[in-house]
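# Tertiary structure, described
Chain by chain, the residues run as shown.
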Amino acid sequence: MAAVVNYSPPWWVNLLHRLPHFNIEFQLVSSDFRPEDSEYQKSVLLLGAVALQPSADCCCTAWCVIIATLVCSAGIAVGFYGNGESSDGANRLAYSLRHANRTISGVEKLVSDSALALNQTVEESLVQLETAFQEQTDYVSIVQKLQGQLDELVRLMVDVPFWSNTDISLEDLARKTEAFDFYRWLGYLGLLLFDVLICLLVLFGLIRNSRGTLIGVCLLGVLTLIISWGSLGLELAVAASASDFCVSPDTYITRVTKENAVINQDILQYYLKCSSGQINPFQQ
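Summary of the structure given here. Sequence order as written defines residue numbering, which begins from 1 separately in each chain. In keeping with the predicted nature of the model, local features appear solely for residues at pLDDT of at least 70, side-chain atom pairs appear and are counted solely at 80 or more, and the whole-chain, interface and lining totals rest on all residues. The side-chain numbers reported here are obtained from all heavy atoms of the structure, hydrogens and water having been left aside.

### Side note on the packing of aromatic side chains
Paired rings are identified among Phe, Tyr and Trp, the last through its six-membered ring, by centres lying within 6.5 Å, and are further divided according to the angle between planes into stacked (under 30 degrees), edge-to-face (over 60) and tilted (the rest). Taken as a whole and assessed by the stated rule, the structure comprises 2 aromatic pairs. Seen from their ring centres, Phe245 and Tyr252 are 5.8 Å apart, and the 85° between their planes marks the pair as edge-to-face. Classification of Phe245 by relative accessible area gives partly exposed; the value is 25%. Burial classes follow relative accessibility: with a 1.4 Å probe on protein chains only, a residue under 20% of its type's maximum area counts as buried, one over 50% as exposed, and anything between as partly exposed.

### Digging into the packing of helix 6 (residues 211-247) against helix 7 (residues 249-259)
Note on geometry: axes are lines fitted to C-alpha atoms, helical ones only across the stretch in contact, with angles between N-to-C directions running from 0 to 180 degrees. Here a strand is any run of E in DSSP of at least two residues, a helix any run of H or I of at least four, and the numbering for each starts at the N terminus. Interhelical geometry of helix 6 versus helix 7 gives an angle of 85° and a closest axis separation of 5 Å. Compared by their axis directions, helix 6 and helix 7 come out roughly perpendicular. Two secondary-structure elements touch here, helix 6 through Phe245, Cys246 and Val247 and helix 7 through Pro249, Tyr252 and Ile253. Any residue outside Ala, Val, Leu, Ile, Met, Phe, Trp, Tyr, Cys, Pro, Asp, Glu, Lys and Arg is labelled polar, Gly included; the first ten of those are nonpolar and the last four are charged. Classifying every residue of the contact of helix 6 with helix 7 by side-chain character gives 6 nonpolar, no polar and no charged. Put simply, angles under 35 degrees are roughly parallel, angles over 145 are roughly antiparallel, angles from 65 to 115 are roughly perpendicular, and the rest are oblique. Contacts are assigned to residue pairs that have any heavy atoms within 4.5 Å of one another.

### Topic: helix 8 (residues 265-273)
Considered for burial, the residues of helix 8 that qualify are Ile267, Leu268 and Tyr270. End-on, the buried residues of helix 8 take up no more than an arc of 160°, which puts them together on one face. Facing away from the buried side of helix 8 by more than 90 degrees, the exposed set consists of Asp266 and Lys273. Where helix 8 terminates, the next one or two residues include Cys274, which has phi positive at roughly 55°. When we speak of the arc, we mean the arc of directions from the helix axis to the C-beta atoms.

### Some thoughts on the layout of surface pockets
To find leftover empty space, a probe the size of one water molecule is rolled over the atoms. Note on definitions: the grid is 1 Å and covers protein atoms alone; a cavity is a set of points where a 1.4 Å probe fits but cannot get out; a pocket is an open set with protein on both sides within 12 Å along at least five of seven lines; lining residues have an atom within 4 Å of a point. Grid points are joined across faces, edges and corners, and a volume is the space filled by probe spheres set on the points. Estimates place the volume of the second largest pocket at around 280 Å³. Taken together, 11 residues line the second largest pocket, and the ones lying closest to its centre are Leu156, Asp159, Val160, Pro281 and Phe282. Considering only residue class, the lining of the second largest pocket consists of 7 nonpolar, 2 polar and 2 charged.

What follows is the structure, encoded as structure tokens:
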């Protein structure tokens, strides 16, 4: 197997991972990705709560509103870009899960077909030979030895499939990932389009000097502000926890697969490290 470039998380992952994680008592806790740990969950929720404490006091002049609208429009453009990038990342994750599932299914099918072919051909032929040479003990002994070797070969082949826990399906995980990302993408798309509509209404109200339009936009703006701040808190919590995972994904994957007895650890490390100098666990 050819050597590959070592995994290195992007700068923003390291930045979010370095955010201090505090529990409810404001005590510093580890930022290692542990979604099942209650202390880690509280620290992530606290990070999201930090973003939900805005404070603003500004003069609402026409130029200030126009500049703020343009700045918001730039932020909305960044939001569209981030929403698309998040969707692309989720699609690549689902594709990788399906690719791994096809590999696992292919191995299981190949082993099953090969074992069945051996049983249907070699096994029947050995039985026929043993029947034909039942009067000659030397030949019968050779046939029985071949039978033992065949049984050992079938046993070794049956041990090749490396996915041990059938209750955990990568295909099911890929479908859930796609479904979650679709509703997430759709929700954020609706929120961003709603923000665009408000910005257009603000500019329209200023150009036409329509007080009714501006009052209506202010009411919609309050609603949007509440939703946006809630969304910001959720995004920060999810981004921080995702960064904790992306900094060292091998550690979490190794621990989870070991706890659930999903896959042999030698085989898992062989695929995770993907190094040419590593011993092939299938070579034996």
